[in-house]
Amino acid sequence: MVSISSLSSSAEFAQAKPGCQSKCGNVTIPYPFGIGKNCSIIDLDVNIRYNIICNTSYYPAKPFPKAAGNYLEILSVSETEVRIRNSFTKFNRHFYWDVTDESDDTAAESQMNLQLLIGGLVQAVLQTDREPQLLNLDNAPLMVSYTKTKLYGIGCGLVAVLIDLVGTVDQINKECQSSCENIREGSCSGSGCCQTTVPTGLKSFIVAVNGTPTESTIGPFSGQTSGQTLTSFAMLSELEQYTFDSADLTLNTTEMHKKYENKVIVPVVLDWAVGDKTCEEAQVHPTTYACQDNSDCTDKTNDNPGYLCICRDGYEGNPYLSPECKDVKECEDQNNNPCGGICINTIGGYNCSCPNGSKGDGRKDGSGCTSDKDQLQKKEKSCQRVSRVNGGARQELYSLDSGVESTKIFTSEELEMATNRYDEAQVLGRGGHGTVYKGTLSDNRIVAIKRSNLMEQNQIQLFINEVIILTQINHRNVVKLLGCCLETEVPLLVYEYASCGTLFHHIHYKGAPEMSSLTWEIRLRIAFEIASAVAYLHSAASPPIIHGDIKSANILLDENYTAKVADFGASRLVPLDHTHINTLVQGTLGYLDPDYFNTSQLTDKSDVYSFGVVLVELLTGEKPICFERPEEQRNLATYFTSLVEDANVLELIDAQVAEDGNLEQILAVAALAQKCLKLKSKERPSMQQIAANLQGLRRVDPSGWNHRPNHNTVTAYLTSEAIDLYSTPLSSTDGSSLETSMTVSTDIAR
């Protein structure tokens, strides 16, 4: 059984149900509580309600428990408690019944029998025309915290009483007595102020005072002025939140209001729980059981029915919501990283280890890491060997006028620690040129580390080529190179990390739990971002750059699904007086430009063809090459082109696109893709034209189509030049045209 004491206040817990109001004024309202219809937990008991009223007549707005009436103002909600405001005006209206009325001569003459007084008090509360002077939490999942709340009586010659209305009405549950002898400021020990604990399980009760102060019961005290009327009242308050002030004894109602209203906040602590069953009883009914995955159930005390849910160790979040408690990224916490060495996050925990050259458990609360002389000697010999292999690469890099000198150089130890010695669990992907790992640097930055395959001379050249190209690029839709390492047997490149993986996986594995479905609006934006980045490479970079391997697997997505063009190992710098580069044909099957394949001449239009295939992937959700499809459909580009020519392209459109896409946009993108896939490269549009067309298309209302057009309509649209109507100057955010912005090395899409 999980202990309630293990619960801790967490910012992650402060989540409302998705789509519901999360705050009322300055107060956060977390689920299972909620503001509005269907925003709180489904009632597990017909008499228990978690609805919160947000009263906007106040400024700022104030929240109140709906089940307890619109008078218990909520100050805060935590994982175990609700705090409510309990200022003097609230005591006077809801917690206080004073029988010391000056006009009541009978009460002033003698002490009434206390039991009769309480019985009469309850009847008066039930029959009076005045606002009821009681607190009723029966329909709310709340009860007074007996560990953090006390009953206070303020006055002279009084008895403060608390009557639990659930039990016998003439039964006093708690009382304390106060005189006015030896009053001390700030002390609540029976002189001017008394206090006592409250009973357990308190939900419906009255707080009242009995007795009338007279000269014989109080005597003179500091601060009293002749002729002043003495006041008495009783209240509940959180421990140590009320400080006795003797001036309170002599304030009349007007003065009391002036002093306390909206100035002094004396909170009352209420415990809350789910339902009125134990964990064992609740788990029998899985449809109403509130605890989600990766959480445990804990019972409240015997006197406080119900249960609470808590995220397990290594997880955080709101345990009542789905998706459930999420894994804590301990290694990413800049203030509380638990490791002194290498820290690798695991599901529900973390692992610590030490880098090469040291030994120990790597934990801050353990042995940490200490030097290992044997490992250091081995490392020195390895470095000598690596120096011979990579020395040429280093010399070539720094002999070029390429801006490489500004690139950060990482040590091999840094990157070993970042990847937990290149643990398989850290692999993000594998390609023809190497393996990419997720890494966490010592400053807690998350990065992607590309480890090249075993080095041969051609691999060294690809490495050098990528470094040189990426150091010249500054575009928000091109992955950033953060640095490199030449100390290892194979060179390493360090990139910015894109947390949402590749576009390929989101298109083709959208059923996987970790993949989110891409709406048509997001797909169209991604297409524009890729096009603008490649247009930048072709037209703004100096010298121009041909990427050479545009494909959905080389498009990364960050947490906002912003596209990042990556993998420049096959890229080429184009001399300013050249239109193409003669090179050995390389690329990816399904994306490879047929004109390049036939001539070995790599041009910017080769990137256009590859981009056209990516457009078709976004439209159809199909893979570029699939041998499971019929023979005539195996090559997606060829099959798609034939469908466009026959005006049957809508047969291939992805269901998600058909559901929320705009028909005009979809047909325009299909027509644009067809132009990109022309067999003759000269007939294809430039990437600058493509980006401009896509930018214009994004301005069209993206509402989905609700009818299926006939064959003639589609034919007319696909064979027209309608798409060119959307062409617009491709602009940077400062309003300058692409032609202007491309004359300087700036980020045109920023």
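Scroll up to find the structure this text is about.
Residues numbered from 1 in each chain as written. Predicted model: local features only at pLDDT ≥ 70, side-chain atom pairs only at ≥ 80, totals over all residues. Heavy atoms only, no water.

## Digging into the overall build of the chain
Of the regular secondary structure elements, the chain holds 19 helices and 36 strands. Counting only residues that meet the buried cut, the chain has 51% of its 750 residues in that class. Sequence separation of at least 24 residues holds for 64% of the intrachain contacts in the chain that already meet a minimum separation of 6. Accessible surface, the chain as shown: approximately 35200 Å² in total, 48% of it carbon and sulfur. (Helix = DSSP H or I, 4+ residues; strand = E, 2+ residues; numbered from the N terminus. Buried < 20%, exposed > 50% of the residue type's maximum accessible area, 1.4 Å probe, protein only. Contact = heavy atoms within 4.5 Å. Areas by Shrake-Rupley, 256 points an atom, 1.4 Å probe, with all protein chains shown as cover.)

## Details of the pairing of strand β29 (residues 481-485)
For β29, the buried fraction is high: four of the five residues fall into the buried class. Taken together, the two bridges between strand β25 (residues 408-409) and β29 define a ladder with parallel strand orientation. Bridge pairing links lysine 408 to glycine 483 in β29. Bridging between β29 and strand β30 (residues 492-496) involves four bridges; their strand directions are antiparallel. Considered in β30, the bridge of cysteine 484 is made with leucine 493. Counting the residues that bridge the hairpin from β29 to β30 gives six residues. (Pairing = 2+ DSSP bridges.)

## Quick notes on the sheet that holds strand β13 (residues 193-197)
As summarised here, the arrangement of the three strands in space is β13-β10-β15, forming an open sheet in which the pairing is antiparallel. In this open sheet, the two edge strands, each paired with only one partner strand, are β13 and β15 (233-238). Taking the axes of each pair of neighbouring strands and ignoring which way they run, one obtains an average angle of 25° across the sheet. Pairing between strand β10 (residues 149-154) and β15: six bridges, direction antiparallel. By the bridge assignment, lysine 150 is partnered in β15 with serine 237. (Axes fitted to C-alpha atoms, helices over the stretch in contact; angles between N-to-C directions.)

## Topic: empty space enclosed by the protein
The tally for this structure, following the rule as stated, stands at five cavities of 30 Å³ or more. A volume near 90 Å³ is recorded for the largest cavity. Taken together, 13 residues form the lining of the largest cavity, with Gly548, Asp549, Tyr591, Leu592 and Ser610 sitting closest to its centre. It is helix α13 (residues 604-620) that contributes the most residues to the lining of the largest cavity, three residues altogether. (1 Å grid on protein atoms, 1.4 Å probe; cavity = no way out; pocket = protein on both sides within 12 Å on 5 of 7 lines; lining within 4 Å. Points joined across faces, edges and corners; volume = space filled by probe spheres on them.)

## Overview of the state of the cysteines
Taken as a whole and assessed by the stated rule, the structure comprises nine disulfides. In this model, cysteine 188 is linked to cysteine 193 through a disulfide, with the two sulfur atoms separated by 1.9 Å. On the sign convention where negative means left-handed, the S-S torsion of about -75° between cysteine 188 and cysteine 193 marks this disulfide as left-handed. Covalently, cysteine 311 is tied to cysteine 325 through a disulfide, its sulfur atoms 2.0 Å apart. Linking cysteine 311 and cysteine 325, the disulfide has an S-S dihedral of approximately -80° and is accordingly described as left-handed. Residue cysteine 311 is located in strand β18 (residues 307-311), and its partner cysteine 325 is located in the loop between β19 (315-316) and β20 (326-327); the two are separated by 14 residues in the primary sequence. The exposure classification of cysteine 311 matches that of cysteine 325, with both residues buried. Looking at cysteine 484, it has no disulfide partner, and the nearest cysteine sulfur is the one in cysteine 485, 7.6 Å off. Overall, cysteine 484 belongs to the buried group, its relative accessible area being 1%. (Disulfide = S-S within 2.5 Å.)

## Remarks on the packing of aromatic side chains
Under the counting rule described, the total for this entry stands at eight aromatic pairs. Ring centres of tryptophan 272 and tyrosine 320 lie 5.9 Å apart, and the angle between their planes is 50°; this geometry places the pair in the tilted category. Placement of the pair is tryptophan 272 in strand β16 (residues 268-272) and tyrosine 320 in the loop between β19 and β20, with a sequence separation of 48 residues. Look at tryptophan 272 and you get buried, because its relative accessible area is 0%. Their ring planes at 70° and their centres at 5.2 Å tell us that tyrosine 422 and tyrosine 437 sit as a pair that is edge-to-face. Of this pair, tyrosine 422 sits in the loop between α8 (412-418) and β26 (427-430) while tyrosine 437 sits in strand β27 (residues 434-440), and the two are 15 residues apart along the sequence. Relative accessible area serves as the criterion here: at 5%, tyrosine 437 is assigned to the buried category. (Phe/Tyr/Trp six-rings, centres within 6.5 Å; stacked < 30°, edge-to-face > 60°.)

## Considerations on the side chain of glutamate 496
Structurally, the position occupied by glutamate 496 is in strand β30. On the basis of relative accessibility, which here comes to 19%, the residue glutamate 496 falls in the buried class. In this structure the side chain of glutamate 496 is engaged in a polar contact, spanning 2.9 Å, whose partner is the backbone nitrogen of lysine 480. Apart from residues lying up to four places away in sequence, glutamate 496 is in contact with Ala448, Val478, Val479, Lys480, Leu482 and Lys564. (Polar contact = N/O pair within 3.5 Å; in protein donor to acceptor, adjacent residues only side chain to side chain.)

## Here's the deal with the nonpolar core
Core analysis: the biggest nonpolar cluster contains 79 residues, and Ile473, Leu503, Ile530, Phe611, Phe640, Ile690 and Leu694 have the highest contact counts within it. It is helix α11 (residues 520-539) that provides the largest number of residues to this core, a total of 13 residues. Among residues more than four places away in sequence, those in contact with isoleucine 473 are Val478, Tyr536, Leu537, Ile545 and Phe568. Grouped together as the second largest cluster of nonpolar side chains are 54 residues, Ile48, Cys176, Val268 and Tyr320 included. (Core = buried A, V, L, I, M, F, W, Y, C linked by side-chain atoms within 4.5 Å.)

## What to know about the side chain of glutamate 238
Inspection of the secondary structure puts glutamate 238 in strand β15. Ignoring sequence-local partners within four residues, the contact set of glutamate 238 consists of Arg83, Lys148, Thr149, Tyr152, Pro267, Val268 and Val269.

## Side note on the sheet that holds strand β6 (residues 74-77)
Spatially, the four strands line up as an open sheet ordered β6-β7-β16-β9, and their pairing is antiparallel. On the outer flanks of this sheet lie β6 and β9 (142-144), each paired with one strand and no other. The mean angle between the axes of side-by-side strands here comes to 30°, regardless of whether they run parallel or antiparallel. Alignment of β6 against strand β7 (residues 81-84), held across three bridges, turns out to be antiparallel. Bridge pairing links serine 76 to arginine 83 in β7.

## A word on the pattern of salt bridges
On inspection of all chains with the given rule, the structure shows 17 salt bridges. Two residues, glutamate 529 and arginine 476, come together in a salt bridge whose shortest N-O distance is 3.9 Å. Of the two residues, glutamate 529 is situated in helix α11 and arginine 476 in the loop between α9 (457-470) and β29; the sequence distance between them amounts to 53 residues. The exposure class assigned to glutamate 529 is buried, which follows from its relative accessible area of 6%. Arginine 523 is paired through a salt bridge with aspartate 654; the nearest N and O atoms lie 3.4 Å apart. Here arginine 523, found in helix α11, pairs with aspartate 654, found in the loop between α14 (636-645) and α15 (655-660); they are 131 residues apart in sequence, far enough to count as distant. (Salt bridge = Lys/Arg side-chain N within 4 Å of Asp/Glu carboxyl O.)

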